Amino acid sequence: PPGTVALIPGLGFGKDGTRLGQGGGYFDRWLSTVTGIITIGIGFSCQRDDDLPVEDHDHPCQGVVLGGEWIRPLFSV
């Protein structure tokens, strides 16, 4: 539903919202079926990698928080 926030885990996240999952495609398949939600990648600081592989079916996160730091803010203040 619109206004819903989904916290998306991953093994790695890039500053552009790219996400490396565990290879099963679970979240990417689910994200392709829903609309109007806000996706926030969540993890630890050591999971930042700005050189992740991206495939056509990948859904980037709209925001990314690693170790309490926004590395891809949803908006600027």
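Above this text is the structure in question.
My aim in this report is to walk through the structure given alongside it, one point at a time. Bear in mind that the values here come from a model prediction, so they are computed numbers and not experimental data.

**A word on the packing of aromatic side chains**
Then comes step 1: According to the stated counting rule, one finds one aromatic pair in the structure shown.
Then comes step 2: For the pair Tyr 26 and Phe 27, a centre-to-centre distance of 5.1 Å together with 85° between the ring planes defines the contact as edge-to-face.

**Concerning the nonpolar core**
Then comes step 1: With nine residues, the main nonpolar core is built from Ala 6, Ile 8, Phe 13, Leu 31, Ile 37, Cys 61, Val 64, Leu 66 and Ile 71.
Then comes step 2: Only strand S1 (5-8) and strand S5 (63-66) provide two or more residues apiece to this core.

**A closer look at the side chain of Asp 28**
Then comes step 1: With respect to the element layout, Asp 28 can be found in helix H1 (residues 26-31).
Then comes step 2: Of the side chains bearing the opposite charge, Arg 19 lies closest to the buried Asp 28, which forms no salt bridge; the N-O distance is 4.2 Å.
Then comes step 3: Beyond its immediate chain neighbours, meaning those up to four positions away, Asp 28 contacts Arg 19, His 57, Asp 58 and His 59.

**Focus on the sheet that holds strand S6 (residues 69-72)**
Then comes step 1: Read across the sheet, four strands follow the order S1-S4-S5-S6 without closing on themselves; strand pairing throughout is mixed. Looking at the sheet topology across the chains shown, the edges are occupied by S1 and S6. This sheet shows a mean twist of 30° between the axes of neighbouring strands, independent of strand direction.
Then comes step 2: One ladder, built from three bridges, connects S5 with S6; its direction is antiparallel. When the sheet's bridge partners are listed, Val 65 is paired in S6 with Trp 70.

Cut-offs used in this document
- Residues numbered from 1 in each chain as written.
- Predicted model: local features only at pLDDT ≥ 70, side-chain atom pairs only at ≥ 80, totals over all residues.
- Heavy atoms only, no water.
- Phe/Tyr/Trp six-rings, centres within 6.5 Å; stacked < 30°, edge-to-face > 60°.
- Core = buried A, V, L, I, M, F, W, Y, C linked by side-chain atoms within 4.5 Å.
- Buried < 20%, exposed > 50% of the residue type's maximum accessible area, 1.4 Å probe, protein only.
- Helix = DSSP H or I, 4+ residues; strand = E, 2+ residues; numbered from the N terminus.
- Lys, Arg positive; Asp, Glu negative; His and termini not counted.
- Salt bridge = Lys/Arg side-chain N within 4 Å of Asp/Glu carboxyl O.
- Contact = heavy atoms within 4.5 Å.
- Pairing = 2+ DSSP bridges.
- Axes fitted to C-alpha atoms, helices over the stretch in contact; angles between N-to-C directions.

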